[in-house]
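Summary of the model geometry
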Amino acid sequence: MNYTKEKADLFIRQNKALLRDDYRLRFHLMSEYGWMNDPNGFIYYKGKYHLFYQHYPYRPYWGPMHWGHAVSRDLVAWEYLPVALAPDRDYDSDGCFSGSAVERDGKLALLYTGHIVTGPDNKNDYMQSQCLALSDDGVHFEKFAGNPVIPVSQIPEGASLKDFRDPKVFERNGCYYTVIGSNDGKERGIVLLYRSTDLKQWDFVNIIAQGDSRLGANWECPDLFPLEDQDVLIISPERMPAQGNDYHNGNSTVYMLGRLDTEEGKFRYDSYEPVDCGFDFYAPQTCEDSTGRRIIVGWMENWTTEIPTQQDHHWAGAMTLPREVVVAGDKLHFLPIEEIKRYRQSPYEVTDVELDGERMLECSGDCYELEAVFEALDAEEFGLLLRKHGQEETVVAYRPSEQLVRFNRDRSGIGPQGERRTNVALQNGRLALRIFVDRSSVEVFVQEGEKVMTGRIYPGAQSVGIGVFARGMCRLVSLRKWDIRV
Ligand code: FRU
């Protein structure tokens with residue numbers, strides 16, 4: 001098939017009515033139709049947030065990648081724009097893979113990976129190069145005639161000649177830089193750095209970071225940005241082994257706080273941490289907005305888990321709620337963006353409940369925000385039961401003796417099951433949870449964003465109950481709930 005943007009837009013328009021609404025999200029970005037993976041080109045440009053995404057419009061499965069495109073004034077309500085890129089050139093004919101955006105002289109520039117299959121085995125026979133597309137209006141994009149701007153011939157020794165993708169561009173000291181994900185050919189991830197003055201001509205600087213076997217076999221979607229007086233490097237390692245409670249999803253996302261030396265071309269860091277401790281979070285991208293906030297959005301899926309909406313629903317994939325990234329000591333915290341509060345409706349509140357056993361609340365829903373503060377007292381375990389009806393429930397629980405939060409979706413409905421765990425300490429004997437439930441998603445912010453756990457769930461429509469429980473005595477200091485209506 002010869003793909004074009006026009007064909008993609010027409011197909012979406014003609015087929016959109018087939019979408020099944022059952023699990024469609026209300027305050028998260030999904031593809032308008034078909035498949036979505038990584039966030040791309042996330043930027044605040046001329047008064048709006050632009051979020052592009054890896055997109056195959058024709059089926060709810062990954063295929064030759066296009067770039068879908070949506071804009072928002074507040075990161076909550078999104079409007080779809082025409083497909084921005086289609087795989088329509090010899091250098092990107094098998095996919096316009098992930099990349100990023102930067103504003104230059106008022107134009108919106110996209111730097112992305114052109115993917116081409118070079119042999120019969122499309123999992124192994126491929127080549128990737130970096131390409132440029134430009135727009136005057138932020139809607140219509142023209143690919144640069146001199147593409148690729150970073151061809152395969154500019155891959156340095158010591159880097160894979162195949163895996164060379166996901167450029168994230170940024171400005172520093174009057175130059176453009178881009179980080180690119182790769183591996184060293186021996187199953188260790190690396191990040192490459194290139195420099196340019198015009199986005200068209202690029203020079204290799206260095207391999208700025210290199211992993212070991214703990215950090216997976218290949219690094220995808222690097223992001224590098226300053227925050228307060230440090231730099232943050234985020235990578236999404238493929239095939240990352242589990243370590244304790246962390247990294248149980250096969251492909252994970254980690255951050256490192258450190259410092260980039262652009263002259264020497266080195267990023268120095270001491271340790272790494274997971275960005276999200278749940279089931280479904282990958283390949284995030286950040287942008288800085290006009291207020292100076294650093295905002296991160298992740299793909300709220302995982303390459304290895306089943307996605308029930310691929311059967312008959314005609315769509316698959318969603319983005320997380322955008323989160324603000326803040327420094328807290330030697331860690332990062334992730335907070336839901338403030339703007340979501342504008343969409344709170346129908347408040348419900350209970351305070352000061354002594355709890356031992358299970359109790360259903362007099363509120364319900366499938367699209368809401370919930371804020372709960374528990375005082376542990378002598379309970380063995382306490383927590384929340386979400387999307388509950390009969391046997392169906394999603395559990396968010398805390399065990400004081402182990403300082404352990406667990407997010408269990410074994411009985412959440414159809415689709416993937418399992419449990420993810422993370423350690424968080426009580427603060428003055430208390431646990432604060434802020435949870436966003438949006439039809440087929442749950443995002444749990446623990447202790448003011450110290451940890452975040454994200455997961456997709458697929459409950460029945462009647463599963464809207466909200467319960468609290470404790471084994472042993474605890475106190476529910478307060479619980480507030482709002483419907484979120486966009
Ligand atoms: C990450 C990723 C990227 C690639 C894109 C292809 O999820 O594998 O490395 O550019 O998806 O869709």
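Look up a bit, the structure's there.
Notes on the structure follow.

Reading guide: rules and limits
- Note on numbering: residues in each chain are counted from 1, in written sequence order.
- Residues qualify for local features only when their pLDDT is at least 70, as the model is predicted, and side-chain atom pairs are given and counted only at 80 or more; totals for whole chains, interfaces and linings, by contrast, use all residues.
- Note: side-chain values were computed over all heavy atoms of the structure, leaving out hydrogens and water.
- Salt bridge, as used here: a side-chain nitrogen of Lys or Arg that lies within 4 Å of a carboxyl oxygen of Asp or Glu.
- Only DSSP runs of H or I reaching four residues or more are called helices, and only runs of E reaching two or more are called strands; each is numbered from the N terminus.
- Only protein chains enter the accessibility calculation, which uses a 1.4 Å probe. A residue is then buried if its area is under 20% of the maximum for its type, exposed if over 50%, and partly exposed in between.
- Throughout, near means a residue has at least one heavy atom within 4 Å of the molecule or strand.
- By the criterion applied in these results, polar contacts are pairs of N or O atoms within 3.5 Å in which, for protein atoms, one can donate a hydrogen and the other can accept it, and in which residues neighboring in sequence qualify only through two side-chain atoms.
- Computed with a 1.4 Å probe, the accessible areas rest on the Shrake-Rupley method; for each residue, only the protein chains presented here act as cover.
- Note on residue classes: Ala, Val, Leu, Ile, Met, Phe, Trp, Tyr, Cys and Pro are nonpolar, Asp, Glu, Lys and Arg are charged, and everything else, Gly too, is polar.
- Strands were regarded as paired on the criterion that DSSP finds at least two bridges between them.
- Only the stretch in contact is used when fitting a helix axis, every axis being a line fitted to C-alpha atoms; angles between N-to-C directions are given from 0 to 180 degrees.

1. Let's talk about the pattern of salt bridges
Pairs can form between side chains of opposite charge once their charged atoms are near each other. Following the criterion strictly, the structure yields 47 salt bridges and no others. Across the pair Asp21 and Arg439 runs a salt bridge, and its minimum N-O distance is 3.6 Å. Residue Asp21 is located in the loop between α1 (5–15) and β1 (34–45), and its partner Arg439 is located in the loop between β29 (430–438) and β30 (441–446); the two are separated by 418 residues in the primary sequence. Exposure remark for Asp21: the relative accessible area of 40% places this residue in the partly exposed category. Put simply, Glu381 and Arg406 hold a salt bridge, and the shortest N to O gap is 2.8 Å. Of the two residues, Glu381 is situated in strand β25 (residues 381–389) and Arg406 in strand β27 (residues 404–408); the sequence distance between them amounts to 25 residues. Its relative accessible area of 2% is what places Glu381 among the buried residues. Connected through salt bridges with shared partners, the residues Glu380, Glu381, Arg399, Glu402, Arg406, Glu419, Arg421 and Arg471 form a single ionic network.

2. Section: the site of the ligand
If you check the shell around the ligand, you find Asn37, Asp38, Gln54, Trp62, Met65, Phe97, Ser98, Arg165, Asp166, Glu220, Tyr282 and Trp303 and nothing else. A distance of 3.1 Å separates an oxygen atom of the ligand from a polar atom in the backbone of Ser98. Isolated, the ligand exposes 320 Å² of accessible area, and the fraction of that covered by the protein chains is 96%. Contributing elements (two or more residues each) for the shell around the ligand: β1, β5 (96–104) and β9 (165–172). Residue classes in the shell around the ligand are distributed as five nonpolar, three polar and four charged.

3. A word on the sheet that holds strand β11 (residues 189–196)
Strand order in this open sheet of four strands is β9-β10-β11-β12, and the pairing throughout is antiparallel. At either end of the open sheet lies a strand with only one pairing partner, and these are β9 and β12 (202–210). Mean inter-strand twist for the sheet, computed between neighbouring axes without regard to direction, equals 25°. Where strand β10 (residues 175–183) meets β11, eight bridges bridge the pair, whose relative direction is antiparallel. Residue Tyr177 lies in a different strand from β11, and its bridge partner there is Arg195.

So, to be careful, I would describe these as geometric facts and stop short of saying anything about function.
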